[in-house]
Every structure is written in C-alpha cells, then in structure tokens.
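# Secondary and tertiary structure notes
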Amino acid sequence: MSHLTALDTRRVAPSDRPDYWSAGIAERFFPMQVDTSASPSFDARLVSGAVGPIAVGAIQGRPHRVVRTQKMIAVADPESILLYLLMRGAVRLEQDERSCLLRPGDMACHDTSKPSTFEGQDAFEVLIFSVPRWFIGVRAESIARRSATRPARAGASLTGLATPFLAGIARTALEGDGLSGIESEGAAEMILPLLRSAFGEETPSETQAPSSALLARMQRYAIEHLHEPDLGPERLAGAHFVSTRYVHKLFAASGSGVSEWIRDRRLEGATAELRESPGTPIAVVAARWGYRNPASFSRAFRDRYGCAPRELRGMRLSA
C-alpha cells in the first residue's frame, strides 16, 4: 500500500516557499538546499508514495536548483540510488564532475551518498525512484559510478520501453490506494533489471543477493535495538520498508524465526551481563535487554538454560 503525501508551495506565501520546499524534501527524502534565483515566482509540487522498499515521487516545478553537500550527507543519508525519468521540460544533473542534460523520456541517476546538483532549467515534471543500495545488491556501486550520465549503450535501447513501464508503476503507486503488499514487492523487483541494465556494469563476482544484504542490515538494526521491548517483526518491517511477511521469509531462509533470533541475542547479552556484573539486580539486567518485567525474563531464561537467572551466578552454563 502506498503512503501518499504531498508538498505544494502554493500553500504558503511566495517568500516562504524556498524554506517550505527545503524542509519538506528533507523530511521525506534527505537534507538539501534549494536555490530559486532562476525563478522569482518559485512554484513546485511533490506527490510521493512507495513500491515495496522503493520510495516513489513525482515533482512538478518551475526552474530551480537543488544542491546536496557533504555536510548534508553527514546529517542524513538513505544510502540509495535515485533513478530519474523526465516527463516534461529540461533538467541537468551533476555529480563527481559528471554532467548530463535530460529531455523528456531520458533517464539518469544520482548517488545519495555523494554531493550532487539537480537543476530544473525549464518548467519540468520528473519521476524519482529512490532505490536502496541493499535492494540493488553488489551492482549498486557500479551504478553509482555512472551517476549523472545517460544509460550505457547496452541500456540505451531500453529507454523507450522504460518510459511507459516506470510511468505506469509511479501512477499506480501515487494514485488511489496503490498496490497491495505482494504486488508492491513484485513491482519493486521489476525495476531492478532495468536499473542494472541501463547503468550497471558486468560483475561476474556478484555473490551476495539483495535478500542477504537486507537480512544482514535487519540483524544489525536488531542488535542496536535489543533493549527496546517493542522490537519484533513489525518494527523491522517498518524500519526497512518491507512487509512483515517478507521479514519472516528472510529470517526463515536463514534457519531461524525472527522472534527466536531476537530472543537468543537478548539471552546471550543478559547471560554475559549476569556473569560479568554479579552485583547488578536481575530486574535491571532484564530491562537492559528488552524484557518488560523480570518474570518474562526468568521464564525465557529457564526455558533456554533449565534454571533461574539467580542460579547462574557461581555456576557455569553451557550455551
């Protein structure tokens, strides 16, 4: 299901429009700076939604320039590749001393992890697909090396086919109720071959599937949030823009259920703390490792080790 949001500079006074636009884009995408000197009567609109883990946006605007600096990247970086499809007008993209001018039907991309410039030179309309690097897989880096360029020769012939395809996905995601969870994930998967073919390079050593990269990312996130009682499949799904069903699928493929994996990590950490800090109350240890109360911790501990937490101190448990 898409989550429709909108920005419209016509809602505020002309003098407030640049700040309104900058703040709105920063909230929905990432920090950036807007220069409207080329268009004294600055006007722009954004509608955004999502297709699986891919954020989708449609921007209409008068000429203006958007700059993303290294300092802004340090504040927030979604670690994504931005795929642009220009529908109307003219836009120039710059990154890593590369530059390209887009006309209607042209595609190009930006790497959110490096400074960049987006300049609308005429009144324009552009579709933007923000594709997470983990979702692309190991080819993300080769695609990033072709940012601010038109598709490679091997992918240039895809441009004519890509326009109606991407426009159709964007329209479905941005209008009405969008796509269901399964449909949304499928549509996102369909964008990847296009992105890789148009901008990627051959990488025979590609060994890590996008799903493996996402699982590792989820596990790192879980480790960082073990102390929070509400950590679970729904939390992981929301933090990584996928369905709860897909979270269960990834963990099951690794040989462990989501809740089981989180429980084991919590018990390992709590056990180590009980051994290393014999003076710390059991209730404090339980709270530090995400248990809502000492009783739930004791039950989980006994189920795993066959004894109560208080019996651990002074004895040695097998894992």
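A brief look at the structure comes next. Note that the structure is predicted; figures quoted are calculated from it, not measured.

## Section: the pattern of salt bridges
Under the definition given, this model contains 18 salt bridges. With a shortest N-O distance of 3.2 Å, E141 and R133 are connected by a salt bridge. Judged by relative accessible area, which is 36%, E141 ranks as partly exposed. Among the salt bridges present, the one from E185 reaches R245, with a minimum N-O distance of 3.0 Å. In this pair, E185 sits in helix α7 (residues 181-199) while R245 sits in helix α10 (residues 244-253), placing the two residues 60 residues apart along the sequence. With a relative accessible area of 43%, R245 lands in the partly exposed category.

## Some details on the sheet that holds strand β10 (residues 116-120)
The 5 strands lie next to each other as β2-β5-β10-β7-β8, forming an open sheet whose pairing is antiparallel. The open sheet has two edge strands, β2 (33-35) and β8 (98-102), and neither has a second partner. Geometrically, the sheet is characterised by an average inter-axis angle of 15 degrees between neighbouring strands, direction not taken into account. Across 3 bridges, β2 lies against strand β5 (residues 64-68) in antiparallel orientation. Residue D35 lies in a different strand from β5, and its bridge partner there is R65.

## What to know about helix α13 (residues 294-305)
With 12 residues, α13 ought to run about 16 Å at 1.5 Å a step, and its terminal C-alpha atoms sit 16 Å apart, in line with that. Lining the buried residues of α13 we find α11 (258-276), α12 (282-288) and α14 (309-312). Measuring from the side-chain oxygen of the N-cap residue of α13 to the backbone nitrogen of A295 gives 3.2 Å; that N-cap residue is N293. Backbone geometry just after α13 places G306 at a positive phi near 80 degrees.

## Some remarks on the side chain of T9
Inspection of the secondary structure assignment puts T9 in the loop between β1 (5-8) and α1 (17-28). If we ignore the near neighbours within four places in the chain, the residues touching T9 are R17, Y20, W21, F42, D43 and A44.

## Let's talk about the pairing of β8
Direction of pairing for strand β7 (residues 91-95) relative to β8: antiparallel, over a ladder of 5 bridges. Each bridged residue has a counterpart across the sheet, and for R92 the counterpart in β8 is L101. The loop that links β7 with its antiparallel partner β8 comprises 2 residues; one of these, D96, has a positive phi angle of about 50 degrees.

## Focus on the pairing of strand β9 (residues 107-111)
With 5 of 5 residues buried, β9 lies mostly within the body of the structure. Of the two faces of β9, the one carrying M107, C109 and D111 and the one carrying A108 and H110 are both buried. Relative to β9, strand β6 (residues 80-88) is paired through 5 bridges, and the arrangement is antiparallel. Each residue of the ladder has a partner; that of L85, found in β9, is M107.

## Details of the packing of α11 against α13
Contact geometry of α11 with α13 gives a least axis separation of 11 Å together with a crossing angle of 95 degrees. On the basis of their axis angle, the class for α11 and α13 is roughly perpendicular. Together, D264, L267, A270, T271 and L274 of α11 and F297, A300, F301, R304 and Y305 of α13 make up the contact between the two elements. Of the residues contributing to the contact of α11 with α13, the split by class is 7 nonpolar, 1 polar and 2 charged.

The rules we used
Residues numbered from 1 in each chain as written. Predicted model: local features only at pLDDT ≥ 70, side-chain atom pairs only at ≥ 80, totals over all residues. Heavy atoms only, no water. Salt bridge = Lys/Arg side-chain N within 4 Å of Asp/Glu carboxyl O. Buried < 20%, exposed > 50% of the residue type's maximum accessible area, 1.4 Å probe, protein only. Helix = DSSP H or I, 4+ residues; strand = E, 2+ residues; numbered from the N terminus. Pairing = 2+ DSSP bridges. Axes fitted to C-alpha atoms, helices over the stretch in contact; angles between N-to-C directions. Expected span 1.5 Å × (residues − 1). Contact = heavy atoms within 4.5 Å. Polar contact = N/O pair within 3.5 Å; in protein donor to acceptor, adjacent residues only side chain to side chain. Parallel < 35°, antiparallel > 145°, perpendicular 65-115°, else oblique. Nonpolar A, V, L, I, M, F, W, Y, C, P; charged D, E, K, R; others polar.

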